[in-house]
Structure formats: structure tokens, C-alpha cells
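Below, each chain spelled out in residue letters.
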Amino acid sequence: MLYRRVGDSGLIVSELALGTWRTYNSRISDAEVRAAIVYAHHRGVTLFDTANVYQHGAVEQLLGSALRASPRDSYVLCTKVGYPMSGDPDNSGLSRKHIVEQCNASLRRLGVDHIDLYVCHRPDPLTSLEETLGVLDDLVAAGKILHAGLSSYPAAQLSAADELTHRLGLNRIVCHQPQYSLLVREAEAGVLELARRLGMGTIAWAPLAQGVLTGKYQAGQLPPSETRGANRGYERFMRGLLTDDAVRRVQRLAPIATELGVTLAQLALAWVLRREEISSAIVGVSRAGQLDELLTATRVRISPDALDAIDAAMAEPGTAQATPRRSR
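Residues numbered from 1 in each chain as written. Predicted model: local features only at pLDDT ≥ 70, side-chain atom pairs only at ≥ 80, totals over all residues. Heavy atoms only, no water.

J.: Talk me through the pattern of salt bridges; I want residue IDs and the actual numbers.
T.: Two side chains of opposite charge can pair, provided their charged atoms sit close to one another. Across all of its chains, the model carries 15 salt bridges by this definition. Here Glu-193 ties to Arg-196 by a salt bridge, and the two come within 2.3 Å at their closest N and O atoms. On the criterion of helical spacing, the pair formed by Glu-193 and Arg-196 is a turn pair, its members being three residues apart in helix 6 (residues 191–198). A single network of salt bridges, built from pairs that share partners, joins Arg-185, Glu-188, Arg-275, Glu-277 and Asp-311. (Salt bridge = Lys/Arg side-chain N within 4 Å of Asp/Glu carboxyl O. Helix = DSSP H or I, 4+ residues; strand = E, 2+ residues; numbered from the N terminus.)

Have a look at this one:
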């Protein structure tokens, strides 16, 4: 495993993070999830990503119990806040009340006395940035969280948040979590470069595009029964990703992966990790053994010629898609 700093902070994390969202609305047993967490830590993964909303706290409990036998300073816990936890009007969003109550609840469920990275899951249009950043700063001062982050914020709000922390003398936001993959590249339109300039580390979620970039789907065919594409619970997350056009473009990557001697999943992860702005990429697995293939991706290097071939393969019909060759 290789490791990187989270932006300009002193926090160092593994290049691959183990996410736990996949346990939501899935058929994976608690024993399988626990085994994957323990195995990932054994293989050098230090960053573990979850959220209070995943099974309404049950996943946080599972993650905390799986890591309990490991020294607390050997792993980095990231959990998120913002989505509704019930139908009560004050039990969602990024208000002072909700953040404080949910931070305390997450600490109890995880069974720890501090959270390393506490991330706002989505922007809250009903709460001012001043209120949200102020309570995050208070939680740092109280020792309940060590660092704060933002997820899926547009560039304008990232910039506004950074300006506010400087102007008000608050602890800075150290990371941003955008969706980023070969199939979802909107973050390249300013967000990645802005986060780098602001000193925020970028932790990419869905770098395999919900599994579409692994090559398990075929154009014109029904998704295999065991995949997310066949699971109705994932339908809204797969929208726009699992299309015949997207699958055909992924299939055009296969010869490139073969020439490099890697799998499609390894190629997709290495492509994300090639950028120096990326601190870590979050992956999910249904069993511990799947990690062996994914962890190898941290050692894969993609040549300029291969990057050009990837861009050509992924270009939509009638377009010439190019990516800045920012590499390690």
C-alpha cells in the first residue's frame, strides 16, 4: 500500500480507502463485511469511510466493532452527516443542532472518542455556511473531530467555505469528496484544481462508477443477477452510468488494460490515482478477496500514450475528450 497526505494537512491516508456504502440495501452479511474490513486493514488500508445514514447508523456500529481490536492510531475514520435520519424536521441537514447531535451519535456507534474526518455529506441550502463551519470548528476545539471535510460541493461553495474559515479564523476544511471516475469527470471542470489550490485533499468516491468500469456488464444484455445493476435498491445510483453507450466505451478499454497487463478495475483506479490532487479513492467490496485485485492498482503507472488511448476510447461519439496529464 502507498500513502498520501490529505491536502496541506498533516494527515496521511492510504491511497485506497474502504467504503461501507455497499452494505446499504445489499445482501452482504455482517460477517462478510467485518471480514473485509479486517482484511483491508491487514493489507495496509488505513482510511475507512462510512456515514451515519448508512442503514441509519447500523453500518457505523459494524465498522467500529470490526476495528475495535486494532490500535486506534492505526486507522483513520471518516464518517458523514447531512442526510435525514428520521422524518423529524430538525433531524437532517447541516444545522448546529443536527450536526452536534449526530456527531455524538456517530461517536457512540463507532465506539471511539474522536472522528478523524467528519464530512458534510451534501450542501444544505437551508443552513448558512457560517453556521455549519462554526459548529465544525467547535467540534474540533472539543476534540470530538480532528478534521472537517465537504462532499459533493460545487466549486463556488468550496471557495466560499475556504474564504470564510480564513476570515473568521476557523479551522480549515482539509478535504473534499467528489464523485470522480472515467465515466463521471465533472470534477475536472475546476473542482480538482480548486481543491488543490486551496490545500484540500480530494477523496474520490465511486472511482469504479458503481462497478460499471469493472467490465461486468454487456451492452444489450440484462445485468448479471448478483450485480448492483440488477438490484432495484441501487437503481437511482446507476442512472446515467449503466447505459449501452457507457458499457460500449468501457469495453473499448479492454485492449488497453490487456496491453498494460492489468484488469479493467485496476486500470480505472490507476487512472484516478494518477492525479496528484487525489489523496485517496474509496472502493467497496462484497468479499475480502476482491481487495487483492484492487490494491494492486496503487502500483500501476499509465504512460502518456496509454492515457491518450484511454481518452480516445472513452470519448463520446462526435467528441474529442482530453484530460490534463497531471501525474504523480
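Having seen the structure, we can now continue with the description.
J.: Account for the nonpolar core, naming residues and giving values.
T.: In globular proteins that are soluble, nonpolar side chains generally tend to be buried together. By size, the foremost hydrophobic cluster in this structure holds 87 residues, and its most contacted members are Phe-48, Tyr-118, Ile-145, Leu-183, Leu-253, Ile-302 and Ile-310. With nine residues, the top contributor of residues to this core is helix 10 (residues 264–273). When residues no more than four places from it in sequence are discounted, the contact partners of Leu-253 are Leu-182, Leu-213, Leu-264, Leu-267, Ile-310, Ala-313 and Met-314. Within the second largest apolar cluster, 13 residues are counted, among which are Val-13, Cys-78, Val-119 and Ile-282. (Core = buried A, V, L, I, M, F, W, Y, C linked by side-chain atoms within 4.5 Å. Buried < 20%, exposed > 50% of the residue type's maximum accessible area, 1.4 Å probe, protein only. Contact = heavy atoms within 4.5 Å.)

J.: Give me the lowdown on helix 4 (residues 129–141), citing residues and values where you can.
T.: Three- or four-residue spacings in an α-helix give side chains the same orientation, since the helix completes a turn every 3.6 residues. Compared with the 18 Å implied by 1.5 Å per residue over 13 residues, the 18 Å span of helix 4 between its first and last C-alpha is a close match. The complete set of buried residues in helix 4 reads Leu-129, Thr-132, Leu-133, Gly-134, Val-135, Leu-136, Asp-137, Leu-139 and Val-140. Tucked inside the fold, the buried residues of helix 4 contact helix 3 (96–110), strand 6 (115–120), strand 7 (145–151), helix 5 (155–168) and strand 8 (173–177). Looking one or two residues beyond helix 4, the residue adopting positive phi is Gly-143, at roughly 80 degrees. (Expected span 1.5 Å × (residues − 1).)

J.: Quick one: what's the story with the state of the cysteines, residue by residue and with numbers?
T.: Tallying each qualifying case throughout the model produces zero disulfides. Free cysteine: Cys-175, not disulfide-bonded; nearest cysteine sulfur from Cys-78 at 6.0 Å. Note on Cys-175: relative accessible area 0%, which makes it buried. (Disulfide = S-S within 2.5 Å.)

J.: Got a sec to walk through the packing of aromatic side chains? Specific residues and values, please.
T.: Two numbers describe a pair of aromatic rings. These are the distance of the centres and the angle of the planes. What the rule picks out here adds up to one aromatic pair. Ring centres 5.3 Å apart and planes at 35 degrees place the aromatic pair Tyr-180 and Trp-271 in the tilted group. Separated by 91 residues along the polypeptide, Tyr-180 in the loop between strand 8 and helix 6 and Trp-271 in helix 10 bring together distant segments of the chain. Pair check on accessibility: Tyr-180 and Trp-271 agree, each one buried. (Phe/Tyr/Trp six-rings, centres within 6.5 Å; stacked < 30°, edge-to-face > 60°.)

J.: For the environment of Ser-106, give the residues involved together with the corresponding values.
T.: Looking at the element boundaries, Ser-106 is found in helix 3. Relative accessible area serves as the criterion here: at 0%, Ser-106 is assigned to the buried category. Along the backbone, Ser-106 and Gly-57 are 49 residues apart, and their C-alpha atoms lie at a distance of 7.4 Å. Residues in contact with Ser-106, not counting those within four places in the same chain, are Asn-52, Glu-60, Thr-79 and Ile-115.

J.: Describe the side chain of Thr-127, and please don't skip the residues or the numbers.
T.: Structurally, the position occupied by Thr-127 is in the loop between strand 6 and helix 4. For Thr-127, the side chain forms a polar contact with the side chain of Asp-124, separated by 2.6 Å. Those residues in contact with Thr-127, other than ones at most four positions away along the chain, are Leu-94, Ser-95 and Thr-132. (Polar contact = N/O pair within 3.5 Å; in protein donor to acceptor, adjacent residues only side chain to side chain.)

J.: Before we move on, could you go through the sheet that holds strand 8 and cite the residues and values that matter?
T.: The eight strands are arranged 3-4-5-6-7-8-9-10 in a closed barrel whose pairing can be described as parallel. Put simply, the sheet's adjacent strands are angled 30 degrees from each other on average, direction ignored. (Pairing = 2+ DSSP bridges. Axes fitted to C-alpha atoms, helices over the stretch in contact; angles between N-to-C directions.)

J.: How would you sum up the pairing of strand 10 (residues 278–283)? Please name residues and give values.
T.: If a strand is regular, its side chains alternate between the two faces of the sheet. Burial runs high along strand 10: six of the six residues are buried. Strand direction decides the pairing type here: strand 3 (residues 16–19) and strand 10, joined by three bridges, are parallel. Bridging from a neighbouring strand, Leu-18 pairs with Val-283 of strand 10.

J.: A description of the packing of helix 5 against helix 6 should follow, citing residues and the corresponding values.
T.: Remark: helix 5 packs on helix 6, axes separated minimally by 10 Å, with the N-to-C direction vectors making an angle of 10 degrees. Here helix 6 runs roughly parallel to helix 5, going by the angle between their axes. When helix 5 is examined against helix 6, the residues Ala-155, Leu-158, Ser-159 and Asp-162 are found in contact with a partner set consisting of Val-191, Leu-194 and Leu-198. When its residues are assigned to classes, the contact of helix 5 with helix 6 shows five nonpolar, one polar and one charged. (Parallel < 35°, antiparallel > 145°, perpendicular 65-115°, else oblique. Nonpolar A, V, L, I, M, F, W, Y, C, P; charged D, E, K, R; others polar.)

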